[in-house]
Number of protein chains: 2
Amino acid sequence: MPTKTFFNLPEEKRQNLIDAALREFSRASLADASIANIIKDACIPRGSFYQYFEDKADLFFYILEEHSARNREQMMVLAIKHQGDLFTSSAEFFETTLHRYIHDERSETREFARNIFLNMNYKIEYKLILDVKNPTTRERIREFYRNYMGVIDTSGLNIQSEEELLHLIKILRAILIQNFIQFFAGEADEQEVLHSFRLELELLKRGLYTSKSNET
Amino acid sequence: MPTKTFFNLPEEKRQNLIDAALREFSRASLADASIANIIKDACIPRGSFYQYFEDKADLFFYILEEHSARNREQMMVLAIKHQGDLFTSSAEFFETTLHRYIHDERSETREFARNIFLNMNYKIEYKLILDVKNPTTRERIREFYRNYMGVIDTSGLNIQSEEELLHLIKILRAILIQNFIQFFAGEADEQEVLHSFRLELELLKRGLYTSKSNET
DNA sequence: TTGACACATGACACCGTGTCACATATAATT
DNA sequence: AATTATATGTGACACGGTGTCATGTGTCAA
């Protein structure tokens, strides 16, 4: 987490630093980005940077968290809007988020997202949900899931328990992220990836086994 | 790719270097590993390293590819063993691979796998299938899928086209990787993650929508 | 003996990181 | 006003890792 000092900074100076960081993290992944570039861009001395942040990753995850908070909120909003329909709200979340990434007036938004998704790993993925570095993370992850699962209407779903719902959500998230990645990797354009995601949701809904064994 | 010079090296010297690299990549992720450590461990001069490899990533992906080749072969073998049963062979692949990672006599095997999965990203994930840096990659990926899909018996699957099969395989791979990650992240032990993977396969097979709309 | 080629070597220039001693500002205390 | 405390600003610097390059060594063929 950024230090208290950082939050005491005048709004303009703070935003200036964040903007410079966003530009750098749009240009390069966390691994390739350099503090040197950020401070040169933001015109602050090296020492000051370390007065605000532990290191490069500290700043990166702070920005990522701000970005992710919007996504989480959006997921909740859409789940509520669609009366707890998990599939419909997930589809709309994917569509609107993809659209926002692509058509945002700031090109940094898209490039930042690209770097996030193409360099997505465990730490970053869970950051998209909740802060992993924070010691209370486990509890907060459980709480988010509890809230989100509370909103989901299970009456239309072919599941028998809370546990199964949790696994379903896990699967949906994996598919969602994979489609974002395929888009940013250039494997599919906007239309193709929308089609792909919708198709995969249909496969999930429909089920994939017909004959042979059909026991629990 | 390593240079011709590297492959001309006497077997022992080459293996020695690979072993040292494996130790370093077991200790640290690609980003955190250092060439300095590898050459110190392998007792070769710095200049020689650059005679064999372009950089750290070149060596890393070479080792990863060797490791991945076994996994791909295993997937094929199991698909054939189970007469093209996608779900059963995927389950056995997950079980045996997880077991191998955990109980391999060389602790490096497990630690290397941990670093792979916890730092899994687009580049690494597709490397687990085929070499991404190679210019002919796209074609080779298509070929692997063509072969693999050729082996799969679709008669027991509720799918209507080749396209749907491809998406199903994508979903399975995402779930498979996610469960490996959860294991290595310490979120679940061996038994739990086996249970988790099997449950998720059942959800897929069964399908998740009951009521409401059931149109295409 | 000479030249061509493949390979070996480690000193070095370069670059980014994180730290630290010192400077400055602001407010509280006497 | 003088003093002290506390928060913040600053950039030179030591450290460590990377990739290169000039030079050295070995081998084989002409």
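About the cut-offs
Residues numbered from 1 in each chain as written. Chains lettered and ligands numbered in written order. Predicted model: local features only at pLDDT ≥ 70, side-chain atom pairs only at ≥ 80, totals over all residues. Heavy atoms only, no water. Near = heavy atom within 4 Å. Polar contact = N/O pair within 3.5 Å; in protein donor to acceptor, adjacent residues only side chain to side chain. Helix = DSSP H or I, 4+ residues; strand = E, 2+ residues; numbered from the N terminus. Buried < 20%, exposed > 50% of the residue type's maximum accessible area, 1.4 Å probe, protein only. Arc of directions from axis to C-beta. Contact = heavy atoms within 4.5 Å. Phe/Tyr/Trp six-rings, centres within 6.5 Å; stacked < 30°, edge-to-face > 60°. Lys NZ or Arg CZ within 6 Å of the ring centre and 35° of its normal. Salt bridge = Lys/Arg side-chain N within 4 Å of Asp/Glu carboxyl O. 1 Å grid on protein atoms, 1.4 Å probe; cavity = no way out; pocket = protein on both sides within 12 Å on 5 of 7 lines; lining within 4 Å. Points joined across faces, edges and corners; volume = space filled by probe spheres on them. Nonpolar A, V, L, I, M, F, W, Y, C, P; charged D, E, K, R; others polar. Least-squares fit on C-alpha atoms with pLDDT ≥ 70 in both.

**What to know about the protein's contact with DNA strand C**
Line of reasoning, step 1. Contacts to DNA strand C come from 15 residues, most closely from Arg46(A), Tyr50(A), Thr5(B), Asn8(B) and Gly47(B).
Line of reasoning, step 2. The sugar-phosphate portion of DNA strand C accounts for 60% of its atoms within 4 Å of the protein, the bases making up the rest.
Line of reasoning, step 3. Between Ile35(A) and DNA strand C, the recorded distance is 3.1 Å, taken from a backbone N or O atom to a phosphate oxygen.
Line of reasoning, step 4. Note that a phosphate oxygen of DNA strand C is positioned 3.4 Å from one of the side-chain N or O atoms of Lys13(B).
Line of reasoning, step 5. Secondary structure elements with two or more residues in the surface near DNA strand C: helix 3 (35–42) and helix 4 (46–52) of chain A together with helix 1 (4–8) and helix 4 (46–52) of chain B.

**So, helix 3 (residues 35–42) of chain B**
All names here are of chain B.
Line of reasoning, step 1. Where helix 3 is concerned, the buried positions are Ile35, Ile38, Ile39 and Ala42. One side of helix 3 holds all its buried residues, which, seen down the axis, span an arc of 90°.
Line of reasoning, step 2. Check the buried side of helix 3 and you find it contacts helix 2 (11–27), helix 4 and helix 5 (56–81).
Line of reasoning, step 3. Positioned one or two residues after helix 3, Cys43 has a phi angle of 55°, which is positive.

**Re the side chain of Thr97(B)**
Residue and element names in this part refer to chain B.
Line of reasoning, step 1. Inspection of the secondary structure assignment puts Thr97 in helix 6 (residues 86–103).
Line of reasoning, step 2. At 2.6 Å, the side chain of Thr97 forms a polar contact with the backbone oxygen of Phe93.
Line of reasoning, step 3. Among all residues touching Thr97, those that are not within four sequence positions of it are Asn71 and Phe180.

**Quick notes on the packing of aromatic side chains**
Line of reasoning, step 1. All told, the structure shown has 38 aromatic pairs over all chains when counted by the stated rule.
Line of reasoning, step 2. Between Phe49(B) and Tyr50(B), the aromatic rings sit 5.5 Å apart at their centres with planes inclined by 75°, giving edge-to-face as the arrangement.
Line of reasoning, step 3. With relative accessibility at 0%, the residue Phe49(B) sits in the buried group.
Line of reasoning, step 4. Residue Tyr50(B) is classed as partly exposed on the basis of its relative accessible area of 41%.
Line of reasoning, step 5. Taken together, the aromatic side chains of Phe6(A), Phe7(A), Phe49(A), Tyr50(A), Tyr52(A), Phe53(A) and Tyr62(A) make up a single cluster linked through ring pairs.
Line of reasoning, step 6. When the ring centre of Tyr101(A) is taken as origin, the NZ or CZ atom of Arg100(A), which lies over that ring, is 5.5 Å away.

**Some points on the pattern of salt bridges**
If charged atoms from side chains of opposite charge come close, those side chains can pair.
Line of reasoning, step 1. Following the criterion strictly, the structure yields 26 salt bridges over all chains and no others.
Line of reasoning, step 2. Of the charged contacts in the structure, one is a salt bridge between Glu111(A) and Arg114(A), with a shortest N-O distance of 3.1 Å. One end of the pair, Glu111(A), and the other, Arg114(A), are both in helix 7 (residues 107–118), three residues apart, so they sit about a helical turn from each other.
Line of reasoning, step 3. Looking at Glu111(A), the relative accessible area reads 24%, which means it is partly exposed.
Line of reasoning, step 4. When the shortest N-O distance is used, the salt bridge between Asp41(B) and Arg23(B) registers 2.8 Å. Here Arg23(B) lies in helix 2 and Asp41(B) lies in helix 3, a separation of 18 residues in the sequence.
Line of reasoning, step 5. Classification of Asp41(B) as partly exposed rests on a relative accessible area of 34%.
Line of reasoning, step 6. We classify Arg23(B) as partly exposed; its relative accessible area is 36%.
Line of reasoning, step 7. One salt-bridge network, in which partners are shared between bridges, spans Asp19(A), Arg106(A) and Glu108(A).

**A short note on the layout of surface pockets**
Line of reasoning, step 1. If you add up the space inside the largest pocket, you get close to 980 Å³.
Line of reasoning, step 2. Only helix 5 (56–81), helix 7 and helix 8 (122–127) of chain A together with helix 5, helix 7 (107–118) and helix 8 (122–127) of chain B provide two or more residues apiece to the lining of the largest pocket.
Line of reasoning, step 3. Residues belonging to the lining of the largest pocket are distributed by class as follows: 18 nonpolar, eight polar and five charged.

**Side note on the relation of the copies chain B and chain A**
Line of reasoning, step 1. Laying chain B over chain A is done by rotating through 180° and shifting 0.0 Å along the axis; what remains is an RMSD of 0.0 Å. Interpreted geometrically, this transformation is the action of a two-fold axis. For chain B, the smallest separation between a C-alpha atom and the rotation axis is recorded for Gly207(B), amounting to 1.5 Å.
Line of reasoning, step 2. Take the interface residues of chain B: 100% of them recur as interface residues in chain A, which is what a same-surface contact looks like.

**Side note on the protein's contact with DNA strand D**
Line of reasoning, step 1. For DNA strand D, the set of nearby residues contains 15 residues, the closest of which are Thr5(A), Asn8(A), Gly47(A), Arg46(B) and Tyr50(B).
Line of reasoning, step 2. Here, DNA strand D places atoms within 4 Å of the protein, and 59% of those atoms are sugar or phosphate.
Line of reasoning, step 3. One of the side-chain N or O atoms of Tyr52(A) is found 3.0 Å from a phosphate oxygen in DNA strand D.
Line of reasoning, step 4. One nitrogen or oxygen atom from the side chain of Arg46(B) is found 2.8 Å from a base nitrogen belonging to DNA strand D.
Line of reasoning, step 5. At the level of secondary structure, the elements contributing two or more residues to the surface near DNA strand D comprise helix 1 (4–8) and helix 4 of chain A together with helix 3 and helix 4 of chain B.
Line of reasoning, step 6. Of all the elements, helix 4 of chain A adds the most residues to the surface near DNA strand D, at four residues.

Just geometry here; none of it tells us what the structure is for.
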